[in-house]
Amino acid sequence: MSEGGRTLAAVVREKTGVSWSRARDLCTSGRVTVDGEPCVDPATRLRAGAEVAVRPEGRRREKGPLARSAIVHYDRDIVIVDKPPGMLAVPDEPGNKDTLAEHARTLLRRLDPGARDPGLGVVHRIDRDTSGLMVFTRTAEAKRHLAAQFRSHELDRAYHAIAHGVVADRRIESYLLEDRGDGLRGSHGHYRRSHGAPPAGSRLSVTHVRALAALSGATLVECRLETGRQHQVRIHLSEAGHPLLGERVYVRDFRGPVIPAPRTMLHARTLAFIHPRSGAPVSFEREPPADFQAMLDALRITS
């Protein structure tokens, strides 16, 4: 089959027979070359006749350092970072320094050389495959203030996502559990269709969904978080029958046609909160990265 116009991840997956997530990891870890040159963007569209080589056992390429443009804002209390997809926000195991937190700290040393250099404080996380805005703190007092705002849900957080099917505006409310009854994190009662009071350990979760654009087989949506539970947007849209494009976990119940994507199409676009020192409201916004935009362009309905 000609490679022309296909994404690198799709070609790698066909050549190796691995899952989408593994194909994407092979690309981003530097184990794929195109015409003899490393290519780390799984969303790259290949020209006709391109020669793709995969070395699954090759040496992993670290994803840092960050580009200067990744630092959206910094001051003596906080730093706002635009996380690229495919990078861990914080370490998944001791000693792993290939993370957004560590790369942001390294970049700050160059941008703000006279400042103290403690580790950045973590007050929230976004998934490895999710792109977009994260805030880190630079002082213990800032961390205390922002952690309190996250606990009380006083922040404004908006995500853009591409979801399967025709998604209508709605408010989704459920109680999320570590195991909804089928081994997956999810809503109380969703799998077993049980009723009654939510069990101990479940947490109220609320997502406000707004359709932004109808696409071919999908919808571009904005999701504003009233609460911020782990995987909340992915779970709520999946359980509503509209899993995100590129979803690998919360897709078990979906029986519709699946649109392939190189990663979970989810981007943390807006982040607003009260500044821990000044007490003034601050707001930050970033457009989705190139792979997200490429998927949008490919699915746009033309008249």
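Refer to the preceding data block for the structure.
Here is what the cut-offs are and how they apply
Residues numbered from 1 in each chain as written. Predicted model: local features only at pLDDT ≥ 70, side-chain atom pairs only at ≥ 80, totals over all residues. Heavy atoms only, no water. Helix = DSSP H or I, 4+ residues; strand = E, 2+ residues; numbered from the N terminus. Buried < 20%, exposed > 50% of the residue type's maximum accessible area, 1.4 Å probe, protein only. Polar contact = N/O pair within 3.5 Å; in protein donor to acceptor, adjacent residues only side chain to side chain. Salt bridge = Lys/Arg side-chain N within 4 Å of Asp/Glu carboxyl O. Pairing = 2+ DSSP bridges. Contact = heavy atoms within 4.5 Å. Axes fitted to C-alpha atoms, helices over the stretch in contact; angles between N-to-C directions.

Q: Explain the side chain of arginine 269 to me, and be specific about the residues and the numbers.
A: Checked against the element boundaries, arginine 269 lands in strand β13 (residues 266-274). Since its relative accessible area comes to 13%, arginine 269 is described here as buried. Side chain to side chain, arginine 269 and glutamate 287 meet in a polar contact 2.7 Å long.

Q: Give a detailed account of the pattern of salt bridges, specifying residues and quantitative values.
A: Pairing of side chains with opposite charge becomes possible as their charged atoms draw close. Summed over all chains, the structure comprises 20 salt bridges. Where arginine 300 meets aspartate 297, a salt bridge forms, and the shortest distance between an N and an O atom there is 3.7 Å. A residue is classified by how much of its surface remains accessible, and arginine 300, at 39% relative accessible area, is partly exposed. Among the ionic contacts, a cluster of salt bridges with common partners joins Asp156, Arg210, Glu222 and Arg224.

Q: Residue-level account of the sheet that holds strand β1 (residues 32-34), with values.
A: Either a parallel or an antiparallel arrangement is found when strands of a sheet pair, and the pairing is made through backbone hydrogen bonds. Spatially, three strands are ordered β2-β1-β3 in an open sheet, and the strand pairing comes out antiparallel. Of all the strands in the sheet, just β2 (37-38) and β3 (52-54) have a single pairing partner and so form its edges. This element, helix α1 (residues 8-16), spans β1 and β3 of the sheet and lies at about 60° to β3.

Q: How would you explain the environment of aspartate 156 if you had to name every residue and give the values?
A: Along the chain, aspartate 156 turns up in strand β8 (residues 156-164). On the basis of relative accessibility, which here comes to 30%, the residue aspartate 156 falls in the partly exposed class. For the pair aspartate 156 and serine 131, spaced 25 residues apart in sequence, the C-alpha separation works out to 17 Å. If we skip the residues at most four places from it in the chain, aspartate 156 touches Arg224, Thr270, Leu271 and Ala272.

Q: How would you explain unusual backbone geometry if you had to name every residue and give the values?
A: In this structure, aspartate 35 is a non-glycine residue whose phi angle is positive, near 55°. With respect to the secondary-structure elements, aspartate 35 resides in the loop between β1 and β2. Overall, the relative accessible area of 38% leaves aspartate 35 in the partly exposed class. With a phi close to 60°, histidine 153 is a non-glycine residue in the positive phi region. Relative to the helices and strands, histidine 153 is located in the loop between α4 (140-151) and β8.

Shape is all these values report; function is a separate question.
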